[in-house]
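# Summary of structural features
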Amino acid sequence: TWRPGSVRHGGHRVSKGERYIIGAFLLLEDRVEHVRRLKNRGAKLRGAGDLAGAAKLFEWALAINPKCATCLKDWSEALSARADVEPGRREEDLSDAETHLRAALDLLPSDSDALFSLGVLLSKR
């Protein structure tokens, strides 16, 4: 996280000099990133046109991590796409897609992708 002005050295504020941010990603051999894998597989299925399969994978990912905003957005996109090809489910799918996008925006209110997607979705209604 960015912590402007709160960086301390030996208990004293850092007031001059250079600051470095060192990021690290750890992969643990006995831990699998299930949510990321399910989300990525779902996105791949959505791209291949398997919207039901994609939705199922996004649902599973959200069961593990209900705060996965990208899972919510991708699931919304799959539902929106299905609404275009299955007119019998259109209103239900668009409503569910909106619910997922609004949930993503509850988590990340300034998410420009979610805001844009919501605008596109609302224009379909």
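Our structure's up above, just so we're on the same page.
The numbers attached to residues start from 1 for each chain and follow its sequence in the written order. Per-residue local features are limited, in this predicted model, to residues with pLDDT of at least 70; the limit for side-chain atom pairs, both in listing and counting, is 80 or more; totals at the level of whole chains, interfaces and linings are taken over all residues. Heavy atoms from the whole structure form the basis of all side-chain values; hydrogens and water molecules are not counted.

## Some details on the overall build of the chain
The condition is simple: Put simply, DSSP H or I for four residues or longer makes a helix, DSSP E for two residues or longer makes a strand, and each gets a number counted from the N terminus. Only protein chains enter the accessibility calculation, which uses a 1.4 Å probe; a residue whose area is less than 20% of its type maximum is buried, one above 50% is exposed, and one in between is partly exposed. Contacts between residues were defined by any pair of non-hydrogen atoms, one from each residue, lying within 4.5 Å. For every accessible area listed, the method is Shrake-Rupley and the probe measures 1.4 Å; residues are considered covered only by the protein chains on display.
When you go through the chain residue by residue, the secondary structure sums to five helices and two strands. In the chain, which comprises 125 residues, the proportion classed as buried is 30%. For the chain, long-range pairs separated by at least 24 residues make up 45% of all intrachain contacts whose partners lie at least 6 apart in sequence. Counting only carbon and sulfur atoms, one obtains 55% of the accessible surface of the chain, whose full area is about 9,100 Å².

## Some remarks on the side chain of Ser 80
Of note, Ser 80 is situated in helix H3 (residues 69-85). With near-sequence residues (within four places) excluded, Ser 80 lies in contact with Leu 94, Ala 97, Leu 121 and Lys 124.

## Observations regarding the side chain of Arg 82
On the secondary structure map, Arg 82 appears in helix H3. Look past the residues within four positions of Arg 82 in its chain and what remains in contact with it is Leu 51, Arg 89 and Asp 93.

## What about helix H2 (residues 51-64)?
Rules: By definition here, a helix of n residues has an expected span of 1.5 Å times n minus one.
Its 14 residues place the ends of H2 20 Å apart at the C-alpha level, agreeing with the 20 Å of an ideal helix rising 1.5 Å per residue. Every buried residue of H2 is listed here: Leu 51, Gly 53, Ala 54, Ala 55, Leu 57, Phe 58, Ala 61 and Leu 62.

## Overview of helix H4 (residues 90-107)
Stated formally: Here the arc refers to the directions that run from the helix axis out to each C-beta atom.
Across its 18 residues, H4 extends 26 Å between first and last C-alpha, which sits within 8% of the 26 Å expected from 1.5 Å per residue. Among all positions in H4, only Asp 93, Leu 94, Ala 97, Glu 98, His 100, Leu 101, Ala 104 and Leu 105 are buried. Around the axis of H4, the buried residues are gathered within 165° of arc, so they sit on the same side. In this structure, H4 carries Thr 99 and Asp 106 as exposed residues pointing more than 90 degrees from its buried face. Here the buried face of H4 lies against H3 and helix H5 (112-124).

## Focus: the nonpolar core
Convention followed: Nonpolar core, defined: a set of buried Ala, Val, Leu, Ile, Met, Phe, Trp, Tyr and Cys residues in which side-chain atoms within 4.5 Å join the residues together.
Formed by 25 residues in total, the largest nonpolar core has its most connected members in Leu 62, Cys 71, Trp 75 and Leu 121. Secondary-structure elements contributing two or more residues to this core are helix H1 (34-47), H2, H3, H4 and H5. Among all residues touching Cys 71, those that are not within four sequence positions of it are Val 35, Lys 39, Phe 58, Ala 61 and Leu 62.

## Concerning the pattern of salt bridges
What counts, and what does not: When a carboxyl oxygen of Asp or Glu lies within 4 Å of a side-chain nitrogen of Lys or Arg, that pair is called a salt bridge.
Summed over all chains, the structure comprises 13 salt bridges. The salt bridge partner of Asp 84 is Lys 124, with a shortest N-O separation of 2.9 Å. Here the residue Asp 84 occupies a position in helix H3, and Lys 124 occupies one in helix H5, the gap between them amounting to 40 residues. Of the residues examined, Asp 84 reaches a relative accessible area of 45% and is grouped as partly exposed. With relative accessibility at 22%, the residue Lys 124 sits in the partly exposed group. Among the salt bridges present, the one from Asp 93 reaches Arg 89, with a minimum N-O distance of 3.4 Å.

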